[in-house]
Amino acid sequence: MIEIKFYGRGGQGAVIASQILAKVFFLMGKYPQCFSVFGGERRGAPVASFLRVDDKKILLKCEIRRPDELVYMAPDLVDEKEVEATLKPGGLILINNALTDNEFSNLKKFRLALVDALSISESLGMGAMINTAILGAYAKASGAVPMDYLERAIRETVPAKIEANVAAAKKAYELTRFVS
């Protein structure tokens, strides 16, 4: 079983990102389980979304406390102490970040990947909606999701700017950097 936790801010598309990724895993023949927790329901408020994936039906009905992978759509939500306390050893951290690699030097003991998803989305006319860009980055960072499945899920799920969303995922796949 893989357990993934998404952190973002309202308006970035964290919930939709986890739902699209769940669909990708479903298309791959796996069993996904996806749910979300909201803070104050307004744009910019912290949002957490959870995704479990397994080769067999998932019977757990609880929050993910020790994820295998963390996806941060807002770098200001990264709490290094929380990451060290909750992420499983050897876990993956993917951060939407335009800053230097040194910003997260304490996290280099994990598999750390960075992508500037915001600039990718803005360059394609999608503003701050970075969900498909972060999923392209996730495909590269995790190695668990083939791009053709991700592209299919985006085309079947995203209601507008489909070509821009597919382009964002592909561009983020190319530009994702591994720090450790």
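Position numbers for residues start from 1 in each chain and track the written sequence from start to end. It should be noted that, the model being predicted, local features are given only for residues of pLDDT at least 70 and side-chain atom pairs only at 80 or more, the latter also being counted only at that level, while totals for whole chains, interfaces and linings use all residues. The basis for every side-chain value is the complete set of heavy atoms in the structure, and neither hydrogens nor water enter the calculation.

Colleague: I'd like a rundown of the overall build of the chain, residues and numbers included.
Modeller: When you go through the chain residue by residue, the secondary structure sums to six helices and seven strands. Helix and strand definitions here come from DSSP, where helices need a minimum of 4 consecutive H or I residues and strands a minimum of 2 consecutive E residues; each element is numbered from the N-terminal end. In the chain, the order of α-helices and β-strands from amino to carboxyl end is β-α-β-β-β-α-β-β-α-α-α-α-β. Throughout, the radius of gyration refers to the C-alpha atoms, and the reference size of a globule is 2.2 Å times the residue count to the power 0.38. Against the 2.2 N^0.38 benchmark of 16 Å for 180 residues, the chain shows a C-alpha radius of gyration of 15 Å, consistent with a compact globule. Classification of residues uses two cut-offs on accessible area relative to the type maximum, computed with a 1.4 Å probe and protein chains only: under 20% is buried, over 50% is exposed, and between them is partly exposed. By the burial criterion, 49% of the 180 residues in the chain qualify as buried. Of the roughly 8500 Å² of accessible surface on the chain, a fraction of 54% belongs to carbon and sulfur atoms. Only the protein chains shown count as cover for residues, and all accessible areas are computed by the Shrake-Rupley method using a 1.4 Å probe.

Colleague: Mind laying out helix 4 (residues 131-142), listing which residues take part and the relevant values?
Modeller: In a regular helix each residue adds 1.5 Å, so twelve residues correspond to 16 Å; helix 4 covers 16 Å between its end C-alpha atoms and thus fits that length. Of all twelve residues in helix 4, eleven are buried; the element is thus mostly enclosed. Among the residues making up helix 4, those that are buried are N131, T132, A133, I134, L135, G136, A137, Y138, A139, A141 and S142. A positive backbone phi angle near 70 degrees is found at G143, which sits one or two residues after helix 4. Helix span, as expected, comes to 1.5 Å for every residue beyond the first.

Colleague: Before we move on, could you go through the pattern of salt bridges and cite the residues and values that matter?
Modeller: Salt bridges are defined as contacts in which a side-chain nitrogen from Lys or Arg sits within 4 Å of a carboxyl oxygen from Asp or Glu. Enumeration according to the criterion identifies twelve salt bridges in this entry. E156 serves as the salt-bridge partner of K23, at 3.3 Å between the closest nitrogen and oxygen. On the criterion of sequence distance, the pair formed by K23 in helix 1 (residues 14-27) and E156 in helix 5 (residues 147-157) is long-range, its members being 133 residues apart. Classification of E156 by relative accessible area gives partly exposed; the value is 43%.

Colleague: Describe the nonpolar core, naming the residues involved and giving the relevant values.
Modeller: Judged by nonpolar contacts, the single largest core of 42 residues is most densely connected at L21, L94, I134, Y138 and L150. If you tally residues by element for this core, the top one is helix 1, at nine residues. Working rule for contacts: check all heavy atoms of both residues, and any pair within 4.5 Å makes them a contact. Ignoring anything within four residues of it in the chain, the contact list for L150 reads I20, V24, L135, G136, A139, V145 and A169. To qualify as a nonpolar core, a set must consist of buried Ala, Val, Leu, Ile, Met, Phe, Trp, Tyr and Cys residues joined through side-chain atoms within 4.5 Å. Residues L77, V78, I93 and V179 belong to the second largest nonpolar core, which totals 19 residues.

Colleague: How would you explain the packing of helix 1 against helix 4 if you had to name every residue and give the values?
Modeller: Every axis in this analysis is a line fitted to C-alpha atoms, fitted for helices over the stretch in contact. Angles between the N-to-C directions lie between 0 and 180 degrees. At a closest axis distance of 9 Å, the pairing of helix 1 and helix 4 adopts a crossing angle of 45 degrees. With respect to their mutual orientation, helix 1 and helix 4 come out oblique. Crossing geometry of helix 1 relative to helix 4 is assigned as right-handed. Together, I16, A17, I20, L21 and F25 of helix 1 and N131, T132, I134, L135 and Y138 of helix 4 make up the contact between the two elements. In terms of residue class, the contact of helix 1 with helix 4 is built from eight nonpolar, two polar and no charged. Throughout, the term roughly parallel applies to angles under 35 degrees, roughly antiparallel to angles over 145, roughly perpendicular to angles from 65 to 115, and oblique to all others. Handedness of a crossing is defined here by the sense of rotation of the near helix relative to the far one, left-handed for an anticlockwise turn of less than a right angle and right-handed for a clockwise turn. Note on residue classes: Ala, Val, Leu, Ile, Met, Phe, Trp, Tyr, Cys and Pro are nonpolar, Asp, Glu, Lys and Arg are charged, and everything else, Gly too, is polar.

Colleague: So what about the environment of K57? Which residues, and what values?
Modeller: Counting through the fold element by element, K57 comes out in the loop between strand 3 (46-54) and strand 4 (69-72). On the accessibility criterion, K57 (62% relative accessible area) is exposed. Distance from K57 to V15, taken between C-alpha atoms, is 22 Å for residues 42 residues apart in sequence.

Colleague: Give a description of the confidence of the model for the chain that names residues and reports values.
Modeller: Looking at the chain, the pLDDT average stands at 93 and 96% of residues meet or exceed 70. In predicted models, pLDDT denotes the confidence assigned by the predictor to each residue on a 0 to 100 scale. In the model of the chain, strand 2 (residues 31-38) stands out as the element of lowest mean pLDDT, 88, in contrast to helix 6 (residues 162-175), which has the highest, 98.

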